[in-house]
Amino acid sequence: MHNKCFYIEAEVFQEQKARENVCGDACESRKLKEEDRLITVLSDGLGSGVKANVLATMTTSMALQFTAKNDPLEHTADFIMNTLPVDSRRQISYSTFSILDINCFGDANIVEYDNPPILIYRKGQFIDLQPNTKTVQRPENRSAKVLYSKVSLRKEDRIIMVSDGITQAGIGTGKTPFGWGINGLKRFIKETLRNSPKLSARQLAHKIMQRAKAHDASQFKDDATCQVIYCREPRKLVLASGPPFHNNCDALLAERISNYTGKKIICGGTTSKIIARELQQEITVNLDNYNPELPPVATMPGIDLITEGILTLGKVSSLLEQHNSTNITGDGPAEKMMKLLLDSDAILILAGTQINNAHQDPNLPVELEIRRNIIKKIALLLEDKFLKNIEIEYL
């Protein structure tokens, strides 16, 4: 998401309780492109496992739908509180929730119920949100307190949302008998960002998860979720794939690549040859990390990655569908491209429209879709699933 003030990077890491198959927390973000708005909801289902996951997912779904329709957050909280039941034995809600709604001007509305407090880190300190507390009447004459806050975000602000699996990590141990706690989490964030002030949202969320897991002796005793949102200048990337429809546009394509400020990927043998010819550069094929599934990558001065075309794009599309986090393993051409794409925020795709006759051969596998369709699919996945800003230009 890129509003009028800054780019908003949102990343989440989750891990289930040891010996459970699914995580009992749910965290979902939705980008409303037309409104340049980001909504994030974190919910912790009661207990762990499948039942907790269902309750948490139900809560995040309701919260996202009502908030996206611009229902007042008080009404959204009331509806959720009155829809979800209360555990009869422990007299506590079946799920908690935190809602964060950021508009195009960087103004954030926050609703919190029973989760660890949302942290906002700015210039080496944490902001005191001073929330308003409202009492919500629940079924059977029970009441609950919901916190409402508003804050105007600034560039370089970070927002940290966690479930209690993070703050309670290490509970009962000699070092942290009462758990890591919100103050321990704050100290860790301050120290980490003091040493690495430009750490990405993904890197910070991963470090928080790793430290919390270490407190639990490398086996989480509860479901754990960490969502980090970072307001900053966008990281840019251009991906060129396919020759231009008209040959006289070859020089234009090469010029766009040469003058672009950001990371650069060329996908396709013909495309790379055109750009190398126009820029008078040499292409070197790298056989060090040969992957039998895909042709090897190549290098050229000023370009971050050069790969084969349609096969690699198809593999990238498949990997994007399979992955729910930005933690990518592997060192093949598709994985390298994915890491560059997911580490970027604003992505420009220059798609050539010249038809490659090889892709129309009926004897080739069905998976070899026309380049344009694969690019559209990749763009949609990056935009909807990973909240990237995508622009496609056809040449």
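Residues numbered from 1 in each chain as written. Predicted model: local features only at pLDDT ≥ 70, side-chain atom pairs only at ≥ 80, totals over all residues. Heavy atoms only, no water.

Caption draft 1: Structural context of the confidence of the model for the chain. Chain-level statistics for the chain give a pLDDT mean of 88 and a share of 90% at 70 or above. Across residues 363-368, where pLDDT falls below 50, the model places 5 contacts with residues more than four positions away in sequence or in other chains. (pLDDT = per-residue confidence, 0-100. Contact = heavy atoms within 4.5 Å.)

Caption draft 2: Molecular detail of the sheet that holds strand β18 (residues 389-394). Taken in spatial order, the 7 strands make up an open sheet running β14-β15-β16-β13-β12-β17-β18, and their pairing is mixed. Unpaired on one side and paired on the other, β14 (284-285) and β18 mark the two borders of the sheet. Here β14 pairs with strand β15 (residues 298-300) via 2 bridges, running antiparallel. Paired with V285 across the bridge in β15 is A298. Strand contacts of helix α9 (residues 333-342): β12 (236-241), β13 (263-267), β16 (303-307) and β17 (346-351), with the helix running at about 140° to β16, the strand carrying the most contacts. Where helix α10 (residues 371-384) meets the sheet, it contacts β12, β17 and β18, and its direction lies at approximately 160° from that of β18. (Pairing = 2+ DSSP bridges. Helix = DSSP H or I, 4+ residues; strand = E, 2+ residues; numbered from the N terminus. Axes fitted to C-alpha atoms, helices over the stretch in contact; angles between N-to-C directions.)

Caption draft 3: Structural detail: the nonpolar core. Membership of the largest hydrophobic core comes to 30 residues, with the highest contact counts inside it found for V316, L320, M337 and L382. Looking at this core, the elements with two or more residues in it are β12, β13, α8 (310-322), α9, β17 and α10. Among the nonpolar cores identified, the runner-up in size contains 25 residues, and F126, L199, M209 and F220 belong to it. (Core = buried A, V, L, I, M, F, W, Y, C linked by side-chain atoms within 4.5 Å. Buried < 20%, exposed > 50% of the residue type's maximum accessible area, 1.4 Å probe, protein only.)

Caption draft 4: Examining the pairing of strand β10 (residues 158-162) more closely. Most of β10 is tucked away: 5 of the 5 residues are buried. Residues R158, I160 and V162 line one face of β10 and the alternating positions I159 and M161 line the opposite face, and both faces are buried. Here strand β6 (residues 119-122) pairs with β10 via 3 bridges, running antiparallel. When the bridges of β10 are listed, I120 appears paired with I159. Here β10 runs beside strand β11 (residues 224-232); their pairing, made up of 5 bridges, is antiparallel. In the strand pairing of β11, M161 is matched with Q227.

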